[in-house]
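Now for the letters of each chain:
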Amino acid sequence: MAQTTLAAAGGLALGERAWSGEGAQSAARPVLASTWGFGQQANEAALKIMQQGGSTLDAVEQGIWVTEADLSNSSVGIGGTPNAEGVVQLDACIMWGPGHKAGSVAALEGIAHPISAARRVMEKTSHVMLVGEGARQFALAQGLETAQMPTEERRQAWLRWRAEQEERKKAQGHDTIALLVLDAEGHLAGGCSTSGRGYKLPGRVGDSPILGSGLYVDEEVGAAGATGIGENIMRYCGSFLAVEYMRQGLHPQEACAEVVRRIAKSEGRADLSINFVALDKAGRHGAAGTDEGFQYALTTPEESGVRTPLRAP
Ligand code: ASP
């Protein structure tokens, strides 16, 4: 598999081509697209699962495991940043195109892989979403792995934050993984996992575990996922909107950009920290966002790399 950083040189030109709807399409299957550069590792792990005969949902789940287990990642899983009280509360959801199935957990404490809890909610219950202590008890009953959180590094950072409130802004880092898959059979799936905004109020839930906000999968059309300030995404059902724009015929890149423009117009400002990645039924993919450093990772059996989309609006 070629390891490339597709956007490192001439990223804007690449983005411009994609922007106009040309390019940004993969004929190879499966196609995996996810948020941020760190998504590449998750994509590649997910691809491997499928190439070894694993199911698409196994691929989504276990791809996201990689990010959740990465202690250096301060916004997803075990290495996640705690809330204002020093407690790590994790959010995740998963969707499977066929049958429009979904599962979600929010404000989940002490469970290493919230994406697995979300999948169990989808597969083992008649519900769609479990939160807080109920979600934790369910995950424990399912035998899911526990983990000590926050890590010592995050705890020290939280202690510093608490002592020095002026660090608050800097420390409110956030970077969710949303991973989308179009598999070899043409089925769509996606997963999303985050520790949410750093030092959030206890009980705060953002867009990530909310179907249609942090993730949306429509078997007929495509899938979209989000990262950024959840409060600016969930009031607009951002991922659902991106899929609906694709349904109207927009290229995934334009669909993402249109969501960003629409939210920015309504909010009356552009500095919203809202970023989207999308993948359609034809294998076309793209992303757009307001954050300067926003990237998405794209993996197929033929290529794997990180792309920098044009900034929108
Ligand atoms: N969207 C996530 C949240 O608001 C955070 C992020 O993507 O960085 O919880």
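This text follows the structure it describes.
The structure contained in this document is the topic of the report that follows. For every chain, the first residue of the written sequence is number 1, and numbering continues from 1 along that sequence. Reporting of local features is limited, given that this is a predicted model, to residues whose pLDDT is at least 70; pairs of side-chain atoms are given and counted only at 80 or more, and all residues count toward the totals for whole chains, interfaces and linings. Each side-chain value is derived from all of the structure's non-hydrogen atoms; neither hydrogens nor water enter the calculation.

## Looking at the overall build of the chain
Right, so step 1: Going along the chain from the N terminus, every DSSP run of H or I of four or more residues is numbered as a helix, and every run of E of two or more is numbered as a strand. A tally of regular secondary structure across the chain gives 10 helices and 13 strands.
Right, so step 2: Taking all 313 residues of the chain together, 58% fall into the buried category.
Right, so step 3: Considering only contacts within the chain whose residues lie at least 6 apart along the sequence, 67% involve residues at least 24 apart.
Right, so step 4: Accessible areas in this description were obtained via Shrake-Rupley with a 1.4 Å probe; residue shielding takes into account the shown protein chains only. For the chain, the accessible surface area stands at approximately 12,000 Å², while carbon and sulfur atoms represent 50% of it. Type-normalised accessible area, obtained with a 1.4 Å probe on protein chains alone, sets the label of each residue: buried when under 20%, exposed when over 50%, and partly exposed for intermediate values. Contact criterion: two residues are considered in contact whenever any of their non-hydrogen atoms come within 4.5 Å of each other.

## Some words on the packing of helix α2 (residues 39–51) against helix α3 (residues 56–68)
Right, so step 1: Geometry is summarised by axes, namely lines fitted to C-alpha atoms with helices restricted to the contacting stretch, and by angles between N-to-C directions that run from 0 to 180 degrees. For the pair α2 and α3, the least separation of the axes is 7 Å and the interaxial angle reads 145°. With respect to the hand of their crossing, α2 and α3 are arranged in right-handed fashion. Here Gln 41, Ala 42, Ala 45, Ala 46, Ile 49 and Met 50 of α2 lie close against α3, whose contacting residues are Thr 56, Asp 58, Ala 59, Gln 62, Gly 63, Val 66 and Thr 67.
Right, so step 2: By residue class, the composition of the contact of α2 with α3 is 7 nonpolar, 5 polar and 1 charged. If you view the pair so one helix is near and one far, a crossing is left-handed when the near helix is turned anticlockwise from the far one by less than a right angle, and right-handed when it is turned clockwise. Residue type decides the class: Asp, Glu, Lys and Arg count as charged, Ala, Val, Leu, Ile, Met, Phe, Trp, Tyr, Cys and Pro as nonpolar, and the leftover types, Gly among them, as polar.

## Brief notes about the side chain of Thr 300
Right, so step 1: Here Thr 300 shows up in the loop between β12 (296–299) and β13 (303–307).
Right, so step 2: What makes Thr 300 buried here is its relative accessible area of 1%.
Right, so step 3: For this analysis, a polar contact is any N or O atom pair within 3.5 Å, provided that within protein one partner can donate a hydrogen and the other can accept it, and provided that sequence-adjacent residues contribute only side-chain to side-chain pairs. Looking at Thr 300, its side chain comes within polar contact range of the main-chain nitrogen of Glu 302, at 3.0 Å.

## Structural notes on the site of the ligand
Right, so step 1: If even one non-hydrogen atom of a residue comes within 4 Å of a molecule or strand, that residue is called near it. Around the ligand, the surrounding shell holds 12 residues, and the nearest of these are Asp 175, Thr 176, Asp 207, Thr 227 and Gly 228.
Right, so step 2: Within the backbone of Asp 175, a nitrogen or oxygen atom sits 2.7 Å from an oxygen atom of the ligand.
Right, so step 3: With the chains in place, 100% of the 270 Å² that the ligand exposes on its own is no longer accessible.
Right, so step 4: Within the shell around the ligand, the residues separate by chemical class into 1 nonpolar, 7 polar and 4 charged.

## A word on helix α9 (residues 238–247)
Right, so step 1: Most of α9 is tucked away: 8 of the 10 residues are buried.
Right, so step 2: Those residues of α9 not exposed but buried are Gly 238, Ser 239, Leu 241, Ala 242, Val 243, Glu 244, Tyr 245 and Met 246.
Right, so step 3: Taken together, the buried residues of α9 touch β8 (215–218), β9 (222–228), α8 (230–234), α10 (252–267) and β10 (274–280).
Right, so step 4: Looking one or two residues past α9, Gly 249 carries a phi angle of roughly 110°, positive in sign.

## Focus on the packing of aromatic side chains
Right, so step 1: Ring pairs are drawn from Phe, Tyr and Trp, using the six-membered ring of Trp, whenever the two centres fall within 6.5 Å, and their geometry is named by plane angle: stacked under 30 degrees, edge-to-face over 60, tilted for the rest. If you walk through the whole model with that rule in mind, you get 3 aromatic pairs.
Right, so step 2: A centroid spacing of 5.1 Å and a plane angle of 85° characterise the contact between Trp 36 and Phe 294, whose relative ring orientation is edge-to-face. Of the two residues, Trp 36 is situated in the loop between β2 (31–35) and α2 and Phe 294 in the loop between β11 (285–289) and β12; the sequence distance between them amounts to 258 residues. Accessibility assignment for this pair places Trp 36 and Phe 294 in one class, buried.
Right, so step 3: An angle of 15° between the planes, with centres 4.4 Å apart, marks the rings of Trp 161 and Tyr 199 as stacked. Here Trp 161, found in helix α6 (residues 152–163), pairs with Tyr 199, found in the loop between β7 (188–194) and β8; they are 38 residues apart in sequence, far enough to count as distant. Accessibility classification places Trp 161 together with Tyr 199 in one group, the buried group.

The values are spatial; any link to function lies outside them.
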